Amino acid sequence: MHTARAPSVVVSYPSIGAVAAHELSPKDVSLPAFISIGRPADGPGFLGMNYAPFTVQNPGQPPTNIQTPGGVDELRIRRRQQLFYAVEDNFRTSLVSNLDREEQAKHTDAAAAHTEIYGKAFNLVADKSGKKVFDLRNESGSLLREYGTTGNFGRACLQAPKAG
């Protein structure tokens, strides 16, 4: 239902969101190309990690895995990012040191995509305009009532145009 294909043990088909991100989204956007709001989405399948969904659990709030405690400034976030990149680089070089060139390319491409996705997440946390993507507090009360304020579905529908 989510991939438009019957499940297969041979091929991992991408979800419709991953296909849309692959075909429609510009590559130089600071936000992830595929954002799932309210629940985890199916994965990118054979398209690769660049088209994996970025999941926002609670519409109107930043994702819990990228929130920072009050008072954490951009400099501290960037130091965390540098540490993350150092760990990623060490992993990538130690992973492929004993492989031939073709095998190295397979593994480093996936690792580079992983690093790129997390780089976008760090930018969302550090950048003030990135944080606004998740904030629904500035929406008018009438608009919030029209979409429904009690459940996540209406809030997710309201947030979707802001995130995409």
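Quick notes on the rules
Residues numbered from 1 in each chain as written. Predicted model: local features only at pLDDT ≥ 70, side-chain atom pairs only at ≥ 80, totals over all residues. Heavy atoms only, no water. pLDDT = per-residue confidence, 0-100. Helix = DSSP H or I, 4+ residues; strand = E, 2+ residues; numbered from the N terminus. Buried < 20%, exposed > 50% of the residue type's maximum accessible area, 1.4 Å probe, protein only. Contact = heavy atoms within 4.5 Å. Phe/Tyr/Trp six-rings, centres within 6.5 Å; stacked < 30°, edge-to-face > 60°. Arc of directions from axis to C-beta. Patch = residues over 30% accessible without salt bridge, like charges linked within 9 Å, V, L, I, M, F, W, Y side chains within 5 Å. Areas by Shrake-Rupley, 256 points an atom, 1.4 Å probe, with all protein chains shown as cover. Salt bridge = Lys/Arg side-chain N within 4 Å of Asp/Glu carboxyl O.

Caption draft 1: Highlighting the confidence of the model for the protein. Within the protein, residue pLDDT values average 75, and 79% of them lie at 70 or more. Taken element by element, the predicted model of the protein shows its lowest mean pLDDT in helix α4 (residues 128-131) (63) and its highest in helix α1 (residues 16-24) (87).

Caption draft 2: Examining the side chain of E88 more closely. Examined against the element boundaries, E88 turns out to sit in helix α2 (residues 74-96). A residue is classified by how much of its surface remains accessible, and E88, at 11% relative accessible area, is buried. When residues no more than four places from it in sequence are discounted, the contact partners of E88 are A111, H114 and T115.

Caption draft 3: Highlighting the packing of aromatic side chains. Following the criterion strictly, the structure yields two aromatic pairs and no others. Summarising the aromatic geometry, the rings of Y13 and F46 are spaced 6.2 Å apart at their centres and angled 75 degrees between planes, so their arrangement reads as edge-to-face. Residue Y13 is located in the segment before α1, and its partner F46 is located in the loop between β1 (35-37) and β2 (54-56); the two are separated by 33 residues in the primary sequence. With centroids separated by 5.8 Å and ring planes inclined at 55 degrees, the aromatic side chains of F84 and Y85 adopt a geometry described as tilted. Residue F84 is classed as buried on the basis of its relative accessible area, which comes to 18%. Judged by its relative accessible area of 28%, Y85 is partly exposed.

Caption draft 4: Quick peek at the environment of H114. Mapped onto the secondary structure, H114 falls in helix α3 (residues 101-126). When the C-alpha positions of H114 and N50 are compared, they lie 7.5 Å apart, and in sequence the two are 64 residues distant. Sequence-distant contacts of H114, defined by excluding residues within four places in its chain, comprise F84 and E88.

Caption draft 5: Broad picture of the side chain of Q81. In this fold, Q81 is placed in helix α2. According to the relative accessible area criterion, Q81 is buried, its value standing at 8%. The residues contacting Q81, other than those within four sequence positions of it, are G119, F122 and N123.

Caption draft 6: Focus on α1. Within α1, the full set of buried residues consists of G17, A18 and A21. Projected down its long axis, α1 shows its buried positions confined to an angular sector of 100 degrees, all on one face. α1 presents I16, E23 and L24 as exposed residues on the side facing more than 90 degrees away from its buried surface.

Caption draft 7: Geometry of a nonpolar patch on the surface. A cluster of nonpolar side chains, namely V9, V10, V11 and F46, defines an oily patch on the protein surface of about 460 Å² accessible area. Judged by relative accessible area, which is 54%, F46 ranks as exposed.

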